[in-house]
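What follows is each chain in one-letter form.
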Amino acid sequence: MRELDIKQLRDTVDELDAQLVQLLAQRMQGVEQIQSLKRLSGQACREAEREADIIRRIHSTGRRQGLDPDWLESLFRKLFEFSERFAREEVTP
Ligand SMILES: O=C(O)C(=O)C[C@]1(C(=O)O)C=C[C@@H](O)C=C1
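Residues numbered from 1 in each chain as written. Predicted model: local features only at pLDDT ≥ 70, side-chain atom pairs only at ≥ 80, totals over all residues. Heavy atoms only, no water.

An unreviewed UniProt entry lists the protein chain under the name chorismate mutase, with Natronospira proteinivora as the source organism.

This is the structure in structure tokens:
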């Protein structure tokens, strides 16, 4: 019985992982377009103020979902780093 429970829970987690990857791909597509526009107008790829706004928002939505804001923040800071690396064409989406 417990084996079955774990299997079902893992199936759910696997499905959520697949959705997360899809959402991350969509996010990167949006970021790619923003970065192209910024490049055209000579703007810096990183913007501390925009990042602070995003962090503030995810802190509050995360708290409402019962998630640790510090944990969420570290995830998003990784995403911003990845956006920058992507903008510098060091990685492919
Ligand atoms: O919103 C922007 O201006 C972006 O370039 C996207 C993004 C992000 O990944 O969310 C990436 C780098 C910036 O520092 C801030 C945000």
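Let us now look at the nonpolar core. Counting residues in each nonpolar core, the largest one holds six residues, listed as Ile54, Ile55, Ile58, Leu72, Phe76 and Phe80. Broken down by secondary-structure element, the contributors of at least two residues to this core are helix 2 (48-64) and helix 3 (69-87). Excluding residues within four positions of it along the chain, Phe80 makes contact with Arg27, Arg46, Glu51, Ile54 and Ile55. (Core = buried A, V, L, I, M, F, W, Y, C linked by side-chain atoms within 4.5 Å. Buried < 20%, exposed > 50% of the residue type's maximum accessible area, 1.4 Å probe, protein only. Helix = DSSP H or I, 4+ residues; strand = E, 2+ residues; numbered from the N terminus. Contact = heavy atoms within 4.5 Å.)

Next up on the list: the site of the ligand. With respect to spatial proximity, 13 residues lie near the ligand, and among them Arg27, Gln35, Lys38, Glu51 and Ser83 are the closest. A distance of 2.7 Å separates an oxygen atom of the ligand from a polar atom in the side chain of Arg27. Taking Glu47, its main chain carries an N or O atom lying 2.8 Å from an oxygen atom of the ligand. Calculation on the ligand without its partners gives an accessible area of 360 Å², and the protein chains cover 95% of this total. Of all the cavities here, the one that holds the ligand is the second largest pocket. Mapped onto the shell around the ligand, the elements with two or more residues apiece are helix 1 (2-40), helix 2 and helix 3. (Near = heavy atom within 4 Å. Polar contact = N/O pair within 3.5 Å; in protein donor to acceptor, adjacent residues only side chain to side chain. Areas by Shrake-Rupley, 256 points an atom, 1.4 Å probe, with all protein chains shown as cover. 1 Å grid on protein atoms, 1.4 Å probe; cavity = no way out; pocket = protein on both sides within 12 Å on 5 of 7 lines; lining within 4 Å. Sits in = over half its atoms within 2 Å of the grid points.)

This part covers the pattern of salt bridges. Close approach of charged atoms lets side chains of opposite charge pair. Per the stated rule, a full pass over the model turns up nine salt bridges. Glu51 is paired through a salt bridge with Arg46; the nearest N and O atoms lie 2.5 Å apart. On the basis of relative accessibility, which here comes to 10%, the residue Glu51 falls in the buried class. With a shortest N-O distance of 2.9 Å, Glu84 and Arg88 are connected by a salt bridge. Members of the salt-bridge network, linked through shared partners, are Arg46, Glu51, Glu73, Arg77, Glu84 and Arg88. (Salt bridge = Lys/Arg side-chain N within 4 Å of Asp/Glu carboxyl O.)

This paragraph deals with helix 2. Taking 1.5 Å of rise per residue, 17 residues should cover 24 Å, and helix 2 covers 24 Å from first to last C-alpha, within 8% of that figure. Residues Glu51, Ile54, Ile55, Ile58, His59 and Gly62 constitute the buried set of helix 2. Down the axis of helix 2, the smallest arc covering the buried residues is 140 degrees, so these residues share one side. Turned more than 90 degrees away from the buried face of helix 2 sit Glu49, Arg56, Arg63 and Arg64, all of them exposed. Against helix 1 and helix 3 lie the buried residues of helix 2. Where helix 2 terminates, the next one or two residues include Gly66, which has phi positive at roughly 80 degrees. (Expected span 1.5 Å × (residues − 1). Arc of directions from axis to C-beta.)

By volume, the largest pocket is sized at about 480 Å³. Lining of the largest pocket is provided by 16 residues; of these, Leu20, Leu67, Leu72, Leu75 and Phe76 occupy positions nearest its centre. For the lining of the largest pocket, the secondary structure elements donating two or more residues are helix 1, helix 2 and helix 3. Its residues placed into classes, the lining of the largest pocket shows eleven nonpolar, three polar and two charged. What the second largest pocket holds in volume is close to 280 Å³. The wall of the second largest pocket is formed by 14 residues, among which Val31, Ile34, Gln35, Arg50 and Ile54 lie closest to the centre. Listing elements by their share of the lining of the second largest pocket, those giving two or more residues are helix 1, helix 2 and helix 3. The biggest single contributor to the lining of the second largest pocket is helix 1, with six residues. The class makeup of the residues in the lining of the second largest pocket is five nonpolar, three polar and six charged. (Points joined across faces, edges and corners; volume = space filled by probe spheres on them. Nonpolar A, V, L, I, M, F, W, Y, C, P; charged D, E, K, R; others polar.)

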